[in-house]
Amino acid sequence: MNKKGTSNPKVVKKQNHEAKKMNTSEDSKRKKDKNLPWWVEFLFVQIGLPDNLLIKILRAKKKSKEIIENDKKSLITFFFVIAMFAYFYPVIKHAKNKLDCEAIAKNYIIKNKNIIRINKRELKMLSTNFCYGGEEIYEIENLKN
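The rules we used
Residues numbered from 1 in each chain as written. Predicted model: local features only at pLDDT ≥ 70, side-chain atom pairs only at ≥ 80, totals over all residues. Heavy atoms only, no water. Helix = DSSP H or I, 4+ residues; strand = E, 2+ residues; numbered from the N terminus. Buried < 20%, exposed > 50% of the residue type's maximum accessible area, 1.4 Å probe, protein only. Expected span 1.5 Å × (residues − 1). Bend = angle between axes of the 7 residues up to and from the residue. Polar contact = N/O pair within 3.5 Å; in protein donor to acceptor, adjacent residues only side chain to side chain. Phe/Tyr/Trp six-rings, centres within 6.5 Å; stacked < 30°, edge-to-face > 60°. Patch = residues over 30% accessible without salt bridge, like charges linked within 9 Å, V, L, I, M, F, W, Y side chains within 5 Å. Areas by Shrake-Rupley, 256 points an atom, 1.4 Å probe, with all protein chains shown as cover. Salt bridge = Lys/Arg side-chain N within 4 Å of Asp/Glu carboxyl O. pLDDT = per-residue confidence, 0-100. Disulfide = S-S within 2.5 Å.

Re the overall build of the protein chain
Tallying secondary structure elements over the protein chain gives 6 helices and 0 strands in all. Scanning the protein chain from its N terminus toward the C terminus, one meets helices and strands in the order α-α-α-α-α-α. Sorting the 145 residues of the protein chain into buried and exposed places 9% on the buried side.

Some thoughts on helix 4 (residues 72-113)
For helix 4, which comprises 42 residues, the first-to-last C-alpha distance of 60 Å matches the rise-based estimate of 62 Å (1.5 Å per residue) to within 8%. For helix 4, the principal kink sits at F88 and spans about 40 degrees; a proline, P90, occurs within the next four residues. Listed in full, the buried residues belonging to helix 4 are E102, A105, I109 and K113.

Side note on helix 5 (residues 120-131)
Across its 12 residues, helix 5 extends 16 Å between first and last C-alpha, which sits within 8% of the 16 Å expected from 1.5 Å per residue. Among the residues making up helix 5, those that are buried are L123, L126, S127 and T128. Structurally, the start of helix 5 carries an N-cap: the backbone nitrogen of R121 is 3.3 Å from a side-chain oxygen of N119. Once helix 5 finishes, G133 follows within two positions and takes phi at roughly 95 degrees, a positive value.

Structural notes on the packing of aromatic side chains
Scanning the entire structure with this criterion turns up 3 aromatic pairs. Centre to centre, the rings of Y87 and F88 are 5.1 Å apart; their planes meet at 85 degrees, and the pair counts as edge-to-face. A residue is classified by how much of its surface remains accessible, and F88, at 41% relative accessible area, is partly exposed.

Considering a nonpolar patch on the surface
A contiguous nonpolar surface patch, about 860 Å² in accessible area, is contributed by F80, V81, M84, F85, Y87, F88, V91 and I92. Along the polypeptide, F85 turns up in helix 4.

Regarding the confidence of the model for the protein chain
On average, residues of the protein chain carry a pLDDT of 79, and 70% of them reach 70 or more. Highest mean pLDDT in the protein chain belongs to helix 3 (residues 51-70) (92); lowest belongs to helix 1 (residues 9-32) (59).

Considering the state of the cysteines
A complete count under the given rule lists 1 disulfide for this structure. Paired through a disulfide, C101 and C131 show a sulfur-sulfur distance of 2.0 Å. Disulfide C101 to C131: torsion about the S-S bond roughly -115 degrees, handedness left-handed. Taken together, the residues span a long stretch of sequence, with C101 in helix 4 and C131 in helix 5 at a distance of 30 residues. What makes C131 partly exposed here is its relative accessible area of 22%.

Shown next, in the form of structure tokens:
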């Protein structure tokens, strides 16, 4: 009743498990042998940039992914603030340019037109008109004569 071809079932399972481990390691090697990304192929294979630069790039990429995953809320807040400044910058710049032009026009009117009886509101109106291309300043001289 002794069979020579049989062996212990625990040993067979262990051998099968080891064989599966070896197959998975071979599969992972096959997966790793995929084609390189186009930018790695171009920069480091075709052009010949040094490998340590590739290592630095990949480390920076890994760190940036970690930062993005860990600090999403603060990054979103930062980009929102930057977008808000970018959106409102033209409005602020236009207002600053308008105020600068009005100040220069006011000084010009006071120095060159010698208007004594004009009040501050009329002076502001004339300077604003002058900045936007109006010619009321030149008509003031005609009113005097």
